[in-house]
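What the coordinates show
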Amino acid sequence: MSGFRTVAIVAALVVAAFLLALSDRYYMDVFILTCFYGALAVSWNMMAGLTGLMSLGHALFVGIGAYSVAWGASVQGWPPLVTWPMGVVIAVAAAAVMGMLCFRYGLRGYFFAIATLAFNEVAFFSVSASVALGRSDGLILPTSSEDSVMMLQFFDKWPYGLIIGTVLIATLAIGQYLLTSRTGYYWRALRDNEEAAEALGVNARAYKLRCFMLSAGISAVCGAFYANYVAFVDPRSVLGIDLSIQMLVYSIIGGMALLWGPLLGAVLLVPFSVLLRNISAMQGSEIIAYAVLLVVLALILPQGIAGWLTARWRRRKAAPRPEGFASVAAAEKSA
Amino acid sequence: MTFGIFLQAVVSGLANASIYALIAVGLTLVFGVMRIINFAHGEFLMIAMYGGFFAWSLFGVDPVMAILIVTPLLALLGMALYGGIVRLALKVPEINQMAVTLGLSLLLQHLALVLFSGDNMLVTQPRSTAGIVLGPVVIQVTHLIACGASLLLLGLIYLILRRTDFGLVMRAVAQSRDGAALSGIDIASVYKWAMAVGVGTLGVTGPLLVSILYVNPHVGALFTLKAFVIVIVGGLGSFGGVLVGALIVGLAESIAGAWFSASIAAAVPFAILILVLLLRPEGLMNRSLAR
Amino acid sequence: MTALLELKNVGKAFGGLKALSDVSFSVAPDEIFAIIGPNGAGKTTLFNCIAGALAPTQGEILFQGRRIDGRPPHEICAQGLVRTFQIVKPFRGMTVLENVKVAAFARHPRPRDAEAAAHRVLAHLGMEAFAETDADELNVAQMRRLEIARALATEPKLLLLDEMLAGLTPAESAAMCDLIRALPRQGIAVIVVEHSIPVVRSLCERAVAITFGEVLAEGTTEEVIDDPRVQEAYLGRADAKVDA
């Protein structure tokens, strides 16, 4: 299957990038951030690009993952072995509840986006008010001077790169598996025309819900990773709307119709913004740069860079074949 | 909570509601006519607030007078927004439309950060601290001015939509774009003017608001979100709905603020939104702008 | 023979407005049945009630002896009743094969089986050459054919066709009619909602005529079309004769 070949190539590139990044802590940091945002954007796009459900509240699930780990570690002393699954379970349950409520009432498009945003904001302000979760000051994870595999605490950065690289590749593999299965076809059918899909036997609510829960689960894993990597969480960094917008930015710029499109967006933009942040004295210059990119590309290249590339590639492949669409159509007419 | 505090919360809530209503009416006008949600709406409010602030700090113009300068500028900005971006955005899928206006919102916020720094700025005049005492309740003069101006402008917009040819054309386009086009209405020009009015109203709100509330580059985002809540609670594209939505949000927020902490109060509008989306997704006032 | 589909006193009201009232008729397993009536008679509402897009507010709809009224469309599809749309609704982000494959998944959960089934349907309809074409690039006639291909891929016992001939050239219409005529032999009953009286005459054994949401006449196609009340409903005067 050509899709799996693509995932294998992408996985090989991720491994190669990891090996290259081993040479330098700074590169490894960029690699880790790219994988983190890449996996998040891919999981976000499973909803938006593949199923047609645009969430503006995905930071909520990242936040649930991150706060599960941070609260577990700093207040209860629980290891990631307990807190990661806990975060995922809570996030998936939250998505199930949100999804059941939203889909039951047929919220779509703008309405679904703003409903998810509202859930996110309620969580943001509630956490900001919660003493147990450190209010808006956030939570600092306890650290010791020794490396600890049990607590996912390492002095070197490469073990973190290994973890998030694995998460990214697993996300792509799961996504590709689903895309070739009935689930993936049903998702795309729902995106293209919900009414027709239902008439052809697709249980719209169930399949949307499944997509939402899976996407939330992956986002929670990323959030859990973030908490262990940065060892600090606060509402702004893991529950803020900026994080949700970032997922959208990478997806739109990379290309939403393809599984790996958002990853391409992250690969192009994350190192770019790190670089800009370092060379430019101007505060927020990287955000200005990609806000401009976002506006321009969303208008002139609606299918994103990946979509544009594959369309070109397909056209080139199709060009030398003499019996193009027109002659097939003619044959049909004469038949 | 004593009755006095409650009354005070109600009064501030009403004042906020009138300001919110004016902000939300621009958003819903644009949505009603063009079916596009402008996520950068609050950023234009932010620009208007800076306009009011600098008119006062650089030229000593009273914020009430600054309205006369800032409003036409904002209306022009709205037209430019239509001509430069929204016109093109109408041709791309809904998700891309959201991306475009979200991108614009990010862009304006961070440009403002570069130009004006992240500092909080506020117009302070002798009347800033003045208040009218009515029994247990104090009404700030600046609130009173903003509230009065908002109500005045809301009434004016209502009359324009109801009584003028321009309003009729707008309502026609809101109801059926194709039908309006068939009867010879220039859709592009209606869109342009809807955008001019939608953004232009912020030119009134901005200068008045900057006497009440600090302006900083991120102030707009909060208002965009609240305006969303209001228009969805009221029913997208509905004028009366905006008033109801603003009243609910303004009062609930203000009362929750007196009762609980500020964070909880900030979450209240969104909790209301969730409830309304789930119970009555079409909004509380299910009448469109067109009717 | 027992009825495949049976409507008993079906009614549908939108608020206070009655779009359908007291509609009853039945369809046998091997026939082509027509629903006719002037514009605004309630044909589409009736169609949507049968397919599950709308829930009737009164009466019962039985498919193979089981009640389906008020069930969601995907369950009705699973039971073997599938519809097409008058305004074609292809999945525009997919190829023709993928479009049909989505439908085939209703009976074949495994991707390989679904793909094989989709290929069979496409070959049967003479569309194999388009398998890899983007659905977006098809012309109107091809899109209608794709609608039927998708519907057939769900392996239905009853197919509901909504104005399948609208906008087609005479040659395309004739080809489509041949296709529909062959379906009962494959064990698929058909209900058509159709405007053109000649087409109904040539295609259908039995018909029901409705106007203002009520059944005007039910019986063989000839009886229904020749019924003076039907003639009047169509043309607005009793002495006119619908023919052509």
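Small disclaimer: the values here were computed from a predicted structure and weren't measured.

Another point: the packing of aromatic side chains. Taken as a whole, this structure holds 33 aromatic pairs over all chains when the rule is applied. Where Tyr-160 of chain A meets Phe-225 of chain A, the ring centres are 6.3 Å apart and the plane angle is 75°; that geometry is what we call edge-to-face. Here Tyr-160 of chain A is found in helix H6 (residues 158-180), whereas its partner Phe-225 of chain A is found in helix H9 (residues 204-230), with 65 residues between them in sequence. Tyr-160 of chain A gets classed as buried once you look at its relative accessible area, which sits at 5%. Pairing Phe-54 of chain B with Phe-116 of chain B gives two aromatic rings, centres 5.2 Å apart and planes at 40°, and the pair type is tilted. Separated by 62 residues along the polypeptide, Phe-54 of chain B in helix H2 (residues 41-59) and Phe-116 of chain B in helix H4 (residues 94-116) bring together distant segments of the chain. Judged by relative accessible area, Phe-54 of chain B falls into the partly exposed class, the value being 23%. Take Phe-116 of chain B: its relative accessible area is 25%, and that puts it in the partly exposed class.

Attention now goes to the pattern of salt bridges. Any two side chains of opposite charge can pair, on the condition that their charged atoms come close. Under the definition given, this model contains 19 salt bridges over all chains. Residue Glu-253 of chain B pairs with Lys-226 of chain B through a salt bridge whose shortest N-O separation is 2.9 Å. Taken together, the residues Glu-253 of chain B in helix H11 (residues 239-259) and Lys-226 of chain B in helix H10 (residues 219-234) connect sequence positions 27 residues apart. For the pair Glu-253 of chain B and Lys-226 of chain B, a shared accessibility class is recorded, and that class is buried. For Asp-69 of chain C, the salt bridge is made with Arg-67 of chain C, and the minimal N-O distance between the two is 2.8 Å. The partly exposed category is assigned to Arg-67 of chain C, whose relative accessible area is 43%. Connected through salt bridges with shared partners, the residues Glu-31, Arg-206 and Glu-218 of chain C form a single ionic network.

It is worth spelling out the arrangement of the chains at this point. With 2 pairs of chains in contact overall, the contact-richest pair is chains A and B. One finds no contact between chain B and chain C; the C-alpha atoms of the two approach each other to within 13 Å at their closest.

A few words now on the sheet that holds strand S2 (residues 17-27) of chain C. Adjacent strands of a sheet form backbone hydrogen bonds with each other and so pair up, either parallel or antiparallel. All names here are of chain C. Read across the open sheet, the 4 strands follow the order S2-S1-S4-S5; overall the sheet is antiparallel. Each edge of the sheet is formed by a strand with only one pairing partner; in this case those strands are S2 and strand S5 (66-67). Note that strand S1 (residues 5-14) and S2 share 7 bridges and pair antiparallel. From the neighbouring strand, Phe-14 faces S2, where its bridge partner is Leu-17. Across the sheet, helix H1 (residues 43-51) lies against S1, S2 and strand S4 (58-63), angled at about 65° from S2, the strand it touches most.

Glycine aside, negative phi is the norm for most residues, and most peptide bonds take the trans geometry. Residues and elements named next belong to chain C. Positive phi is not limited to glycine here, since Asp-22 has a value of about 55°. Looking at the element boundaries, Asp-22 is found in strand S2. The backbone of Glu-155 sits at a positive phi, close to 50°, despite the residue not being glycine. Along the chain, Glu-155 falls in the loop between helix H5 (140-153) and strand S7 (158-162).

What follows is about the sheet that holds strand S10 (residues 214-220) of chain C. Residue and element names in this part refer to chain C. A sheet is described by the order of its strands in space; here 6 strands give the open sequence S6-S7-S8-S3-S9-S10, paired in mixed fashion. The sheet is open, and its two edges are formed by strand S6 (81-83) and S10, each paired on a single side. Each strand of the sheet is rotated relative to its neighbour by a mean of 15°, with strand direction disregarded. Across 6 bridges, the pairing between strand S9 (residues 206-211) and S10 is antiparallel. Of the residues in S10, the one forming a bridge with Ala-209 is Ala-217. The strands touched by H1 are strand S3 (32-36), S6, S7, strand S8 (189-193) and S9; relative to S7, the strand with the most contacts, the crossing angle is about 150°.

Residues and elements named next belong to chain B. Look at helix H3 (residues 63-89) against helix H8 (residues 187-200): their axes get within 7 Å of each other, and the N-to-C directions meet at 135°. Overall, the two elements H3 and H8 adopt an arrangement that is oblique. Like other packed secondary-structure pairs, H3 and H8 cross with a definite hand, here right-handed. Between H3 and H8, the residues in contact are Thr-71, Leu-74, Ala-75, Gly-78, Met-79, Leu-81, Tyr-82 and Val-86 and Ala-188, Tyr-191, Lys-192, Trp-193, Met-195, Ala-196, Val-199 and Gly-200, respectively. Among the residues making up the contact of H3 with H8, the classes are represented as 12 nonpolar, 3 polar and 1 charged.

So, on to the interface of chain A and chain C. Taken together, the contacts link 24 residues of chain A with 31 residues of chain C. Interface of chain A and chain C: buried area, both sides summed, is about 2,400 Å²; carbon and sulfur atoms make up 62% of it. At the junction of chain A and chain C, the tally comes to 2 salt bridges. For Arg-188 of chain A, the salt bridge goes to Glu-98 of chain C, with nearest N and O atoms at 3.1 Å. Linking chain A with chain C are 7 residue pairs in polar contact (both at pLDDT 80 or more). Of all the secondary-structure elements, those providing two or more residues to the side of chain A that touches chain C are helix H7 (182-192), helix H8 (194-199) and helix H15 (325-334) of chain A.

Leu-56, Phe-61, Val-233 and Leu-248 of chain A, Met-34 and Phe-44 of chain B together with Ile-36 of chain C are the most contacted members of the largest nonpolar core, which has 267 residues in total. For this core, the element with the most residues is helix H2 (residues 25-51) of chain A, which contributes 15 residues. Ignoring sequence-local partners within four residues, the contact set of Leu-248 of chain A consists of Trp-44, Met-54, Leu-56 and Leu-294 of chain A together with Ala-99 and Leu-102 of chain B. Grouped together as the second largest cluster of nonpolar side chains are 28 residues, Phe-33, Phe-47, Cys-49 and Leu-81 of chain C included.

The rules behind each value
Residues numbered from 1 in each chain as written. Chains lettered and ligands numbered in written order. Predicted model: local features only at pLDDT ≥ 70, side-chain atom pairs only at ≥ 80, totals over all residues. Heavy atoms only, no water. Phe/Tyr/Trp six-rings, centres within 6.5 Å; stacked < 30°, edge-to-face > 60°. Helix = DSSP H or I, 4+ residues; strand = E, 2+ residues; numbered from the N terminus. Buried < 20%, exposed > 50% of the residue type's maximum accessible area, 1.4 Å probe, protein only. Salt bridge = Lys/Arg side-chain N within 4 Å of Asp/Glu carboxyl O. Contact = heavy atoms within 4.5 Å. Pairing = 2+ DSSP bridges. Axes fitted to C-alpha atoms, helices over the stretch in contact; angles between N-to-C directions. Parallel < 35°, antiparallel > 145°, perpendicular 65-115°, else oblique. Left-handed = near helix turned anticlockwise from the far one by under 90°. Nonpolar A, V, L, I, M, F, W, Y, C, P; charged D, E, K, R; others polar. Buried area = accessible area lost by both parts, 1.4 Å probe. Polar contact = N/O pair within 3.5 Å; in protein donor to acceptor, adjacent residues only side chain to side chain. Core = buried A, V, L, I, M, F, W, Y, C linked by side-chain atoms within 4.5 Å.

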